[in-house]
Amino acid sequence: ANGYLPNGTNAYANTFLSPNTVFGSGFGAIGFYINQALTVAGKPMGTLNFDYLVGTTFVRGLNKSATNILLSATLPMDGFFTVSRIVATDAFIMNRNGTFATVLAAQQAGYASAEIVIGATNTSTLVPTSYSNGRIALAYCSNGLTQAECTTLKSIVQTFQTTLGRQV
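The sections below set out a description of the structure shown in this document. Bear in mind that the values here come from a model prediction, so they are computed numbers and not experimental data. (Residues numbered from 1 in each chain as written. Predicted model: local features only at pLDDT ≥ 70, side-chain atom pairs only at ≥ 80, totals over all residues. Heavy atoms only, no water.)

## With respect to the pairing of strand S4 (residues 50-54)
Where burial is concerned, most of S4 is hidden: 5 out of the 5 residues are buried. Here S4 shows no split at all, with Phe 50, Tyr 52 and Val 54 on one side and Asp 51 and Leu 53 on the other all buried. In this antiparallel pair of consecutive strands, strand S3 (residues 42-47) and S4, the connection spans 2 residues, and Asn 49 shows a positive phi of 65°. Where S4 and strand S5 (residues 58-63) come together, 5 bridges link them in antiparallel fashion. Paired with Val 54 across the bridge in S5 is Val 59. Counted along the chain from S4 to the antiparallel partner S5, the turn is 3 residues long. (Buried < 20%, exposed > 50% of the residue type's maximum accessible area, 1.4 Å probe, protein only. Helix = DSSP H or I, 4+ residues; strand = E, 2+ residues; numbered from the N terminus. Pairing = 2+ DSSP bridges.)

## Focus on helix H2 (residues 147-164)
Taking 1.5 Å of rise per residue, 18 residues should cover 26 Å, and H2 covers 26 Å from first to last C-alpha, within 8% of that figure. Just downstream of H2 lies Gly 165, where phi reads positive at about 75°. (Expected span 1.5 Å × (residues − 1).)

## Observations regarding the pairing of strand S6 (residues 69-72)
The side-chain alternation of S6 yields one buried face, formed by Ile 69 and Leu 71, and one unburied face, formed by Leu 70 and Ser 72. Here 4 bridges tie S5 to S6, and the two strands are oriented antiparallel to one another. Bridge pairing in S6 links Phe 58 to Ser 72.

## Overview of the pattern of salt bridges
In total, this model carries 3 salt bridges according to the counting rule given. The partner of Asp 51 in a salt bridge is Lys 43, and the shortest N-O contact between them spans 3.1 Å. Lys 43 shares its class with Asp 51; the two are buried. The salt bridge partner of Arg 60 is Asp 51, with a shortest N-O separation of 3.2 Å. For the pair Arg 60 and Asp 51, one class covers both residues: buried. (Salt bridge = Lys/Arg side-chain N within 4 Å of Asp/Glu carboxyl O.)

## Focus on the packing of aromatic side chains
Counted under the stated rule, the structure contains 6 aromatic pairs. Their ring planes at 65° and their centres at 5.7 Å tell us that Tyr 52 and Phe 81 sit as a pair that is edge-to-face. Taken together, the positions of Tyr 52 in strand S4 and Phe 81 in strand S7 (residues 79-87) put the pair 29 residues apart, joining distant regions of the chain. The exposure class of Tyr 52 is buried, given its relative accessible area of 0%. (Phe/Tyr/Trp six-rings, centres within 6.5 Å; stacked < 30°, edge-to-face > 60°.)

## Quick word on unusual backbone geometry
Within the chain, Asn 49 stands out as a residue other than glycine whose phi angle is a positive 65°. Its location among the elements puts Asn 49 in the loop between S3 and S4. Phi is positive for Ser 130, which is not a glycine, with a value near 55°. Here Ser 130 lies in the loop between strand S12 (128-129) and strand S13 (135-143). Under the relative-accessibility criterion, Ser 130 is labelled partly exposed at 30%.

## Comments concerning the nonpolar core
One broad trend across soluble globular proteins is that nonpolar side chains are buried collectively. If you look at the biggest cluster of nonpolar residues, it comprises 26 residues, and the most contacted ones within it are Phe 32, Tyr 52, Val 54, Val 59 and Ile 93. Ranked by size, the runner-up nonpolar core spans 10 residues in total, among them Phe 92, Met 94, Ala 137 and Tyr 140. (Core = buried A, V, L, I, M, F, W, Y, C linked by side-chain atoms within 4.5 Å.)

## Re the environment of Ser 132
Tracing the backbone shows Ser 132 in the loop between S12 and S13. Residues Ser 132 and Ala 11, spaced 121 residues apart in sequence, show a C-alpha to C-alpha distance of 8.3 Å. When neighbours within four sequence positions are excluded, Ser 132 is seen to be in contact with Pro 6, Asn 7, Gly 8, Leu 38, Gly 42, Lys 43, Pro 44 and Gly 119. (Contact = heavy atoms within 4.5 Å.)

So, in structure tokens, the structure goes:
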């Protein structure tokens, strides 16, 4: 009722979504809503070259890129997070406060053929690593979103979480 709580050591959920197959040469976005903050740095969601690391004082995203997108963040590490790419020249992340960080001319790599997992990141054919222990109340994968679309989605998700009584 409150979301998926991975254990931070070996728990994950497989989405069976391969970004290389679904997004191919296009661009995508992933994101999640954590309503119980992580107590250790971990990757709540992702696969090779397409994941999100939530640390204790920072967030880092990758999107079809080997270039890290870093952003300072405020504790606790909960709320809505996203990483998106809509053009070849840059990708961005958004932290829980709605602050964006963009990497212009982010080196473009291919999307992985390994599926996106929730509660960790997938480094190859179903070999998860960097397990998360934050409770994930919502996760999504989509075509690339603009910053304005991410802001709108954040508002919608917050309203949804509040309606369910599990907001942060």
